[in-house]
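Close look at the chain arrangement
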Amino acid sequence: MIVVDHRAFHLYREDAYREYCWSVDAWGSYQPASFIYLCFEAFKDSCAEYGLQLVFRPGHKTQDYFPWRYERDSVSEDVRARGLILRIEKAKGSFAKIGANPTEWEFRALTSPGESVRWIEIETDMPGRLFVTKDGFLSDGFFMKGYGYSEENHKQIRALIQSFACFKYNLLRIEFRNVVTTWPTGEPLTIIVDVWNHGPSLAEAMLTLNVSPEFEPVSPLDRRIPPLRTLDRAGFSFQVIPRADGILPLVTNALVSLSGKSGCEVVFDSPRISFVPAIGSPQQSLVPEDNPTLKRLIAVFRDTTMVSEIKSLLELAQIDVRACLNRMRVLAEKIVLRVLDKLEITCQNRNLAAGISVLRERHIVSDRAISYLHTIRIIGNTASHASSDPLSDTDVRIVSYALASVVEELMNRGLL
């Protein structure tokens, strides 16, 4: 989101209502304005649709030319009237300094619900853009039917917000569409990216995303951005594999190179994701395990033609846990592809993940077997790559039990 400093009246209805209640006396006889004309929460929500995030910073105060409240009993009506005239004349003088014509606007403390919304843009030689309208036009009152809302007023306010979201210089906003809060390490994470153009029409550009060193990118991080008109969007997705657990920012930097000499600013808010130890971590409890001698796995394979494939697993588990887990993952992949070949089912990507997907889509095995295959795949992948996740003989027994369960079901179904 593009952060915008809000310095008008109250940004939130709660604050506006508190102001309103403070200004109304005990009998309700003094009501300077309904609180809906003192807040801009609906305007804030409409701005968010165009990527603008209005924020209020308590330390910043705007010049108040139109005070909403007066000390009624301490000064006479005449003194109050003269004070209001002086404030209005001061406001008109300031208004003229920015290039606006004070005679084209009605200066008064309150906005009438019956008024039609209008706004103008004043041309400047500054990098920013200058818009002029009344505060009241953008208040909640002009978003509510029965008050200042009308189709024409709504159209004018939307047109102002749309213009307000456009900049004179090249500016791209990056949004991450499918942000997750938690994700396991070792599992591919696909992120959908939207690139919005908030500047002038943009010719072809090249966007480069830089990710945290804890991620292994498995898809290109350089992307060609097609020509974009103002407020147009382009989208793409990329994939990374987290290799360490912890709360980490996904993207650390984003750069755009244009064909011309002009630069381009990039605005983005990188999501911070909590990455947790993978499913293969010994922290998992109550997961079915084989015994330390892999008794169940050996017993199941004894009646298959692949008994030689597991002969060295027990010895390997005592020497190198990661190598043993990787060997079992490779064996599971070989078994899955053999079953698909026997059924004459084509699997375009001949790997374990793709094979599991085909088995599930065709309902060839039970969901229980599918879950065990994923267990083998995930723990095996963790063992195959550099990872901070600790692996032990507990993981070997978990995978051994899972592999034995899968093979047992395949044999019962006559698929092996």
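Attention now moves to the environment of S212. Considering the arrangement of structural elements, one finds S212 in the loop between β8 (205-211) and β9 (215-217). Given the relative accessible area of 4%, S212 is considered buried. Separated by 38 residues in the primary sequence, S212 and L250 place their C-alpha atoms 6.1 Å from one another. A polar atom in the side chain of S212 sits 2.5 Å from the backbone oxygen of P249.

Time to look at the nonpolar core. F301, L325, M328, L359 and L403 are the most contacted members of the largest nonpolar core, which has 47 residues in total. Only α5 (295-301), α6 (313-319), α7 (321-342), α8 (352-361), α9 (367-384) and α10 (393-412) provide two or more residues apiece to this core. Once residues within four sequence positions are removed from consideration, L403 is found in contact with L297, F301, M328, L331, A332, I335 and I376. Core analysis: the next-biggest nonpolar cluster, separate from the first, contains 34 residues, V132, F137, L171 and V267 among them.

Another aspect to go through is the packing of α9 against α10. Close contact between α9 and α10 brings their axes to 9 Å; oriented N to C, the two are set at 140°. The hand of the α9/α10 crossing is left-handed. For the pair formed by α9 and α10, the contact residues are R368, A369, Y372, L373, T375, I376 and I379 on the first element and D395, I398, V399, Y401, A402, L403, S405, V406 and E409 on the second. Classifying every residue of the contact of α9 with α10 by side-chain character gives 11 nonpolar, two polar and three charged.

Time to look at α9. For α9, which comprises 18 residues, the first-to-last C-alpha distance of 25 Å matches the rise-based estimate of 26 Å (1.5 Å per residue) to within 8%. The element α9 is largely enclosed, with a buried count of 13 among its 18 residues.

Take the pattern of salt bridges next. Considering all chains together, one arrives at 23 salt bridges under this definition. For the salt bridge of E309 with K334, the shortest nitrogen-to-oxygen distance reads 3.1 Å. Of the two residues, E309 sits in the loop between α5 and α6 while K334 sits in helix α7, which places them 25 residues apart along the sequence. A residue is classified by how much of its surface remains accessible, and E309, at 27% relative accessible area, is partly exposed. Taking relative accessible area as the criterion, K334 reaches 38% and is therefore assigned partly exposed. For D393, the salt bridge is made with R397, and the minimal N-O distance between the two is 3.2 Å. Separated by four residues within a single helix, D393 and R397 lie in helix α10, roughly one turn from each other. Taking the relative accessible area as the measure of exposure, D393 reaches 43% and is therefore partly exposed. In this structure, a network of salt bridges that share partners links the residues R13, E41 and D140.

Time to look at the sheet that holds strand β14 (residues 265-268). Pairing is mixed in the open sheet, where five strands are placed in the order β9-β11-β7-β5-β14. Every interior strand has two partners, whereas the edge strands, β9 and β14, have only one. Across the sheet, the mean angle from the axis of one strand to that of its neighbour is 35°, orientation sign disregarded. Sheet topology note: the strand β5 (residues 171-176)/β14 ladder contains four bridges and is parallel. Counted as the bridge partner of L172 is V266 from β14.

Here we come to the packing of aromatic side chains. Considering all chains together, one arrives at 10 aromatic pairs under this definition. Judged by centre distance (5.4 Å) and plane angle (75°), the ring pair of F137 and F142 falls under edge-to-face. Centroid distance F215 to F275: 5.1 Å. Interplanar angle 70°. Geometry classified as edge-to-face. Linking F215 in strand β9 with F275 in strand β15 (residues 272-276), this pair joins segments that are 60 residues apart in sequence. For F215, a relative accessible area of 6% corresponds to the buried category. Judged by its relative accessible area of 2%, F275 falls in the buried class. Members of the aromatic cluster, connected to one another through ring pairs, are Y37, F137, F142 and Y147.

Rules behind the numbers
- Residues numbered from 1 in each chain as written.
- Predicted model: local features only at pLDDT ≥ 70, side-chain atom pairs only at ≥ 80, totals over all residues.
- Heavy atoms only, no water.
- Helix = DSSP H or I, 4+ residues; strand = E, 2+ residues; numbered from the N terminus.
- Buried < 20%, exposed > 50% of the residue type's maximum accessible area, 1.4 Å probe, protein only.
- Polar contact = N/O pair within 3.5 Å; in protein donor to acceptor, adjacent residues only side chain to side chain.
- Core = buried A, V, L, I, M, F, W, Y, C linked by side-chain atoms within 4.5 Å.
- Contact = heavy atoms within 4.5 Å.
- Axes fitted to C-alpha atoms, helices over the stretch in contact; angles between N-to-C directions.
- Left-handed = near helix turned anticlockwise from the far one by under 90°.
- Nonpolar A, V, L, I, M, F, W, Y, C, P; charged D, E, K, R; others polar.
- Expected span 1.5 Å × (residues − 1).
- Salt bridge = Lys/Arg side-chain N within 4 Å of Asp/Glu carboxyl O.
- Pairing = 2+ DSSP bridges.
- Phe/Tyr/Trp six-rings, centres within 6.5 Å; stacked < 30°, edge-to-face > 60°.

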